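Commentary on secondary and tertiary structure
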Amino acid sequence: AARLSGGENRLVSLPLSRIRVIMKSSPEVSSINQDALFLTAKATELFVQYLATYSYKHGRGKEKNALTYSDLSHTAEECETFQFLADILPKKILASKYLKMLEKEKRDGEVGEDDEEDEEEEDEDE
């Protein structure tokens, strides 16, 4: 692997210092080899490139000649390869829709609790 010397011919686009900080945040990591750091940076860069390309090709951004957040979130939700990103890239919803969802869940929860209490009373009667 070629050594990086902060010079003009960079082989990776991501800042190695940030990647080092992220890697060191893991309690299992005590030291980081320079080659491992470079390979992690390059692999991350290639992964992000693949995610963006896949999302662009399979999303609606192609029509507008742009990659949008909704393209990325749709890819994370629909493509099995990227489903591990679904929590990180959730679909955007309006606050009003979210509040309605919360109210509905609360109502459904109350109805569910009432049903459970009725079942318990029936069991006691038998």
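Residues numbered from 1 in each chain as written. Predicted model: local features only at pLDDT ≥ 70, side-chain atom pairs only at ≥ 80, totals over all residues. Heavy atoms only, no water.

**Comments concerning the overall build of the protein**
Within the protein one finds 5 helices and 0 strands. The buried share of the protein, taken over its 126 residues, is 17%. On the protein, roughly 10,200 Å² of surface is accessible, and the fraction owed to carbon and sulfur atoms is 52%. (Helix = DSSP H or I, 4+ residues; strand = E, 2+ residues; numbered from the N terminus. Buried < 20%, exposed > 50% of the residue type's maximum accessible area, 1.4 Å probe, protein only. Areas by Shrake-Rupley, 256 points an atom, 1.4 Å probe, with all protein chains shown as cover.)

**Concerning the packing of aromatic side chains**
Scanning the model with the defined rule gives 5 aromatic pairs in all. Aromatic pair Phe47 and Phe84: ring centres 6.1 Å apart, planes at 40 degrees, arrangement tilted. Placement of Phe47 in helix α2 (residues 34-58) and of Phe84 in the loop between α4 (69-78) and α5 (95-125) is noted, with a sequence separation of 37 residues between them. A network of ring pairs unites the aromatic residues Phe47, Tyr50, Tyr54, Phe82 and Phe84 as a single cluster. One Lys or Arg, Lys92, reaches over the ring of Tyr69 and ends 5.0 Å from the middle of that ring. (Phe/Tyr/Trp six-rings, centres within 6.5 Å; stacked < 30°, edge-to-face > 60°. Lys NZ or Arg CZ within 6 Å of the ring centre and 35° of its normal.)

**Some remarks on the environment of Leu37**
For Leu37, the location among the structural elements is in helix α2. With a relative accessible area of 1%, Leu37 lands in the buried category. Considered as a pair, Leu37 and Met23 are 14 residues apart in the sequence and their alpha carbons are 8.5 Å apart. Those residues within four positions of Leu37 in sequence are excluded, and the remaining contacts are Leu16, Ile19, Arg20, Met23 and Ile32. (Contact = heavy atoms within 4.5 Å.)

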